Amino acid sequence: MTRTNTLSLFRKSILGAAGYTPGEQPSSPDVIKLNTNENPYPPSPRVTELLRAFDPATLRKYPEPTSRALREAIAARLDLDAGNVLVGNGSDELIKLLINAVCEPGDSIAYPFPTYTYYKSSADLFGVRTIEIPFTEDFRLSAKFAENSSPAKLIFLCRPNSPSGTNVPLYEIEKICASNEAIVIVDEAYVDFSEDSALSLLFVHSNLVILRTFSKGYSLAGIRVGYMLAEKEIIAEMNKLRDSYNVNSLSQMIALAAFEDEPYHSECISKVTKERSRLSSELKKMGFRLFDSQANFILAAHDGVAGGAFYNALKTNEVFIRYFAHIPEYIRITIGTPKQNDALIEGIAEIIAPK
Ligand SMILES: Cc1ncc(COP(=O)(O)O)c(C=O)c1O
């Protein structure tokens, strides 16, 4: 048993924080897992080839410290310089690094609500305050973001937003960047499924930072690789803080192999977006209200059944979806394969109108 005075050595912000609660990761292969927005398709076959040919002897050495080959490939594709790219151990690492690099305890970050809960969980750990500015009912941004009225040093805008899947218009992001001193972080974890991106605004506003990940569009949540795009000066400061070998060598190689297989990537994306349309119309037919999703998930509510009831009933049939206590009428459903989506539709139909 830890002595009480040992725990008192920890920072108060750590002791007082709840910590982030990740979505459930059930181990049974029979589970239909539509709860954490993973891609239902396997990674590129080039990843399989790479792993088959992989020589474990190379693991003896430390990884390339800056993920150079991957940064160069990303920069070339996006018409940037490799100095504008920072690779992280998942984009979650980069979110935490940004807060740690910019905010002193007592400083603030701002974001619309509801959004990705990791921004708040991370801020809490550093004793950083959170300013939550509610979205309108239909997930539009409050005008407050462009008023420069908050003391926030960082503004997080998740686009497409989780859990709604909605995109705020790019002109609003531009307005927010122009009117705020804060660094504006557009979290594009789901951009692969979206019709547009904030990339065109990157050097128009030097306070804009973009975060992306290999976890969703590239089916590589397990290797933990995300990246940040920003002005070189911002990347240079962040580089001082990150762990010198923050991305392991195998993950760097796997991410690069998947990134280079663009035909496979775009084929997976179009399969998912096609299913997004089908599932949306099936849910509407069953009486759900939904938002126009630009991501690989759908946020939906049904007037007759609460979110928690769907969540529990589907779980007993090994179909996992996401339910959030702070928006209890809704469920968030990750788009699966056609077969998985059929099982979900069947499960939901049974809950709404039991036979
Ligand atoms: C909006 C958003 N940003 C970032 C992440 C984290 O991504 P990564 O797996 O790269 O850490 C997630 C993961 O679910 C997410 O939903």
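To keep things clear, this report deals only with the structure shown in the data block. (Residues numbered from 1 in each chain as written. Predicted model: local features only at pLDDT ≥ 70, side-chain atom pairs only at ≥ 80, totals over all residues. Heavy atoms only, no water.)

Time to look at a nonpolar patch on the surface. The grouping of Leu7, Leu9, Phe10, Ile14 and Leu15 at the surface amounts to a nonpolar patch, some 490 Å² of accessible area in total. Structurally, leucine 9 can be placed in the loop between α1 (4-7) and α2 (12-16). You can call leucine 9 exposed: its relative accessible area is 70%. (Patch = residues over 30% accessible without salt bridge, like charges linked within 9 Å, V, L, I, M, F, W, Y side chains within 5 Å. Areas by Shrake-Rupley, 256 points an atom, 1.4 Å probe, with all protein chains shown as cover. Salt bridge = Lys/Arg side-chain N within 4 Å of Asp/Glu carboxyl O. Helix = DSSP H or I, 4+ residues; strand = E, 2+ residues; numbered from the N terminus. Buried < 20%, exposed > 50% of the residue type's maximum accessible area, 1.4 Å probe, protein only.)

Here we come to the site of the ligand. As a matter of local geometry, the ligand sits amid Gly90, Ser91, Asp92, Tyr116, Cys158, Asp187, Ala189, Tyr190, Thr213, Ser215, Lys216 and Arg224. One of the side-chain N or O atoms of lysine 216 is found 2.8 Å from an oxygen atom in the ligand. Arginine 224 has a polar side-chain atom sitting 2.7 Å from an oxygen atom of the ligand. When the ligand sits alone it has 390 Å² of accessible area, and the protein chains cover 92% of it. (Near = heavy atom within 4 Å. Polar contact = N/O pair within 3.5 Å; in protein donor to acceptor, adjacent residues only side chain to side chain.)

Turning next to the packing of aromatic side chains. What the rule picks out here adds up to 17 aromatic pairs. Seen in terms of ring centroids, phenylalanine 214 and tyrosine 218 are 4.9 Å apart; in terms of plane orientation they differ by 45°. Their pairing is tilted. Centroid distance tyrosine 218 to phenylalanine 259: 6.0 Å. Interplanar angle 40°. Geometry classified as tilted. Remark: phenylalanine 259 occurs in helix α9 (residues 249-260) and tyrosine 218 occurs in the loop between β7 (208-213) and β8 (226-229); sequence separation between them is 41 residues. When its relative accessible area of 9% is taken as the criterion, tyrosine 218 is described as buried. In textbook terms, an aromatic cluster arises when at least three aromatic residues are bridged by ring pairs, as seen for Tyr20, Tyr111, Tyr116, Tyr118, Tyr119 and Phe156. A cation over a ring is seen here: arginine 77 above phenylalanine 259, with NZ or CZ 3.9 Å from the ring centre. A cation sits over an aromatic face here: lysine 271 above tyrosine 41, 4.2 Å from the ring centre. (Phe/Tyr/Trp six-rings, centres within 6.5 Å; stacked < 30°, edge-to-face > 60°. Lys NZ or Arg CZ within 6 Å of the ring centre and 35° of its normal.)

All right, on to helix α10 (residues 262-285) then. Side chains that are three or four residues apart share a direction in an α-helix, a result of its 3.6 residues per turn. For α10, spanning 24 residues, the distance from its first C-alpha to its last is 35 Å, which sits close to the expected 34 Å at 1.5 Å a residue. Taken as a whole, α10 has its buried residues at Tyr264, His265, Cys268, Ile269, Val272, Thr273, Glu275, Arg276, Leu279, Ser280 and Leu283. Looking at the packing, one finds that the buried side of α10 touches α3 (45-53), β9 (288-290), β10 (297-302), β12 (330-334) and α12 (338-352). Trailing α10 by a residue or two, glycine 287 shows a phi angle of about 95°, which is positive. (Expected span 1.5 Å × (residues − 1). Contact = heavy atoms within 4.5 Å.)

Structurally, the position occupied by serine 108 is in strand β3 (residues 108-113). Using a relative accessible area of 8% as the deciding quantity, one classes serine 108 as buried. Setting aside its immediate chain neighbours within four residues, serine 108 contacts Cys103, Val128, Arg129, Ile131, Pro151, Ala152, Lys153 and Leu154.

With an omega of 0°, the peptide bond running from phenylalanine 113 to proline 114 counts as cis. Proline 163 follows serine 162 through a cis peptide bond whose omega is 15°. For proline 163, the position within the fold is in the loop between β5 (154-158) and α7 (170-179). Within the chain, serine 67 stands out as a residue other than glycine whose phi angle is a positive 50°. Relative to the helices and strands, serine 67 is located in the loop between α3 and α4 (68-78). Residue serine 67 is classed as buried on the basis of its relative accessible area, which comes to 0%. A positive phi angle, close to 60°, is found at serine 219, a residue other than glycine.

Overall, antiparallel pairing links the three strands, which are arranged β9-β10-β12 in an open sheet. With partners counted over all chains shown, the strands left at the sheet margins are β9 and β12, one partner each. Going from strand to strand, the sheet's axes swing by 35° on average, the running direction of each strand aside. Here β10 runs beside β12; their pairing, made up of five bridges, is antiparallel. Its bridge partner lying in β12, alanine 300 is registered against isoleucine 331. Seen against the sheet, α10 touches β9, β10 and β12 and runs at an angle of roughly 135° to β9. (Pairing = 2+ DSSP bridges. Axes fitted to C-alpha atoms, helices over the stretch in contact; angles between N-to-C directions.)

We now examine the side chain of arginine 276. You can see arginine 276 is positioned in helix α10. No salt bridge is formed by the buried arginine 276. Its closest oppositely charged neighbour is aspartate 292, at 6.3 Å. Engagement of the side chain of arginine 276 in a polar contact is seen with the backbone oxygen of phenylalanine 193, the distance being 3.1 Å. Here arginine 276 is in contact with Phe193, Ser293, Gln294, Ala295, Ile298 and Ile335, once residues within four sequence places are set aside. (Lys, Arg positive; Asp, Glu negative; His and termini not counted.)

This part is about the packing of helix α5 (residues 91-102) against helix α6 (residues 118-125). Contact geometry for α5 and α6: axes closest at 9 Å, N-to-C directions at 45°. As far as their axial angle goes, α6 and α5 are oblique. The way α5 lies across α6 gives a crossing that is right-handed. Residues Asp92, Ile95, Lys96 and Ile99 of α5 pack against Tyr118, Tyr119, Ser122, Ala123 and Leu125 of α6. Within the contact of α5 with α6, the residues separate by chemical class into six nonpolar, one polar and two charged. (Parallel < 35°, antiparallel > 145°, perpendicular 65-115°, else oblique. Left-handed = near helix turned anticlockwise from the far one by under 90°. Nonpolar A, V, L, I, M, F, W, Y, C, P; charged D, E, K, R; others polar.)

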